[in-house]
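Working through the structure, step by step
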Amino acid sequence: MRNYFLLLSAGLIWGSQYLLNKIALEHFSTLFIAAGRVGIGAFFLSLLLFLGVERSRKHLRFSSLIKNFPNLIIIGFLEATLPCILVPWAQERLPSSIVAILIGTVPFFTTLLDIFLLKRHQLSFRKKSALLLGFAGIIVLMGPDFLYWAHLPSSLTLFFPMIAVLTSAFSFALSMILIQERLSTYLSEVGPIESTRGILLGALVTTLPLMWVTEKSYCSPWENVFSQLYPLMALLALGIFCGGLAYTLFVILINRAGASFASTCNYLVPLIGTALGVLVHGEKISFALLSSLLLILSSLWLSSDRGFRA
């Protein structure tokens, strides 16, 4: 039950990021939002550590951070930097439904890496069924938009944006495997909040230079920012909730249940994003939405252990 609570909580937070990104993009660039999200998240977690929310020895925190920093840079790049560049670039050229379907391949990549790279698990019939049901849920939810888009004359020219989203999905999957394999000792030494802050600091190492190179030729993103408080508030929410809090929950979930189970959060994100559209924008509840919910819940039930299913 704790694992499913963590999964649902992370899915709820990340499902809201589409609305927040849309508001933040009214004033800030894509890379500035990526760097701001990572930086604000790291600052928020540092504040929690300063307030003593997670107790660990300070000298142990620093020594563990230095020892694991190469891994943190790699994981931060795969988890935050690369997807935050490729996915927004692709979103400018692809319908959101296509992006959601392609990001839904993260559990496939994670399971395949878990089987062929780590060689620990076998792909059982139940696991195959869970993967197929989850992906079918995304297809049912986004399929009508996909069919409409596929008949457009420009659809054949968007091969590279689709490859960019698939590359991001593979990057997400690989980062989860690395968190599970390379940061388990670090997590046990310092705790989930410190571990997540380390990942976000590692992401800043690559995100900030990229932002500086691209932003220096434009006007300052802080120009007249206080006259547009909504984008600033959206950026703060992205950093605190989607950056700091959600990543912490996700690191805990990977450590508790493994990367393959945690990756099924990517089935929930487009579903929750669509549900928020119903609640916030007054969109109608469709048969596709209800069918997708049933398929994804069935997938999560199949992916659980025997005791929970009973």
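For the structure, check the block above.
The rules behind these values
Residues numbered from 1 in each chain as written. Predicted model: local features only at pLDDT ≥ 70, side-chain atom pairs only at ≥ 80, totals over all residues. Heavy atoms only, no water. Helix = DSSP H or I, 4+ residues; strand = E, 2+ residues; numbered from the N terminus. Buried < 20%, exposed > 50% of the residue type's maximum accessible area, 1.4 Å probe, protein only. Contact = heavy atoms within 4.5 Å. Areas by Shrake-Rupley, 256 points an atom, 1.4 Å probe, with all protein chains shown as cover. Core = buried A, V, L, I, M, F, W, Y, C linked by side-chain atoms within 4.5 Å. Patch = residues over 30% accessible without salt bridge, like charges linked within 9 Å, V, L, I, M, F, W, Y side chains within 5 Å. Salt bridge = Lys/Arg side-chain N within 4 Å of Asp/Glu carboxyl O.

This brings us to the overall build of the protein. Each helix and strand in the protein was counted, giving 15 helices and zero strands. Out of the 310 residues belonging to the protein, those deemed buried represent 51%. Across the protein, every contact between residues at least 6 apart in sequence was considered, and the portion connecting residues at least 24 apart equals 87%. In the structure as shown, the protein presents an accessible area of about 15,800 Å², 70% of it carried by carbon and sulfur atoms.

With that settled, the discussion passes to the nonpolar core. Residues Trp 14 and Phe 250 are the most contacted members of the largest nonpolar core, which totals 80 residues. The element that contributes the greatest number of residues to this core is helix 11 (residues 229–257), accounting for 13 residues. With residues up to four places along the chain from it excluded, the contact list for Trp 14 reads Arg 37, Cys 242, Ala 246, Tyr 247, Phe 250, Cys 265 and Val 269.

Turning our attention to a nonpolar patch on the surface. A cluster of nonpolar side chains, namely Ile 23, Leu 229, Tyr 230 and Met 233, defines an oily patch on the protein surface of about 430 Å² accessible area. Residue contributions to the nonpolar patch peak at three residues, all from helix 11. Relative to the helices and strands, Met 233 resides in helix 11.

Our next topic: the pattern of salt bridges. Considering all chains together, one arrives at two salt bridges under this definition. Here Glu 189 makes a salt bridge to Lys 67, at a shortest N to O gap of 3.8 Å. Of this pair, Glu 189 sits in helix 9 (residues 184–190) while Lys 67 sits in helix 4 (residues 58–91), and the two are 122 residues apart along the sequence. A residue is classified by how much of its surface remains accessible, and Glu 189, at 28% relative accessible area, is partly exposed. A salt bridge links Arg 197 to Glu 194; the shortest N-O distance between them is 3.0 Å. Of the two residues, Arg 197 and Glu 194 both sit in helix 10 (residues 192–215), three residues apart, roughly one turn of that helix.

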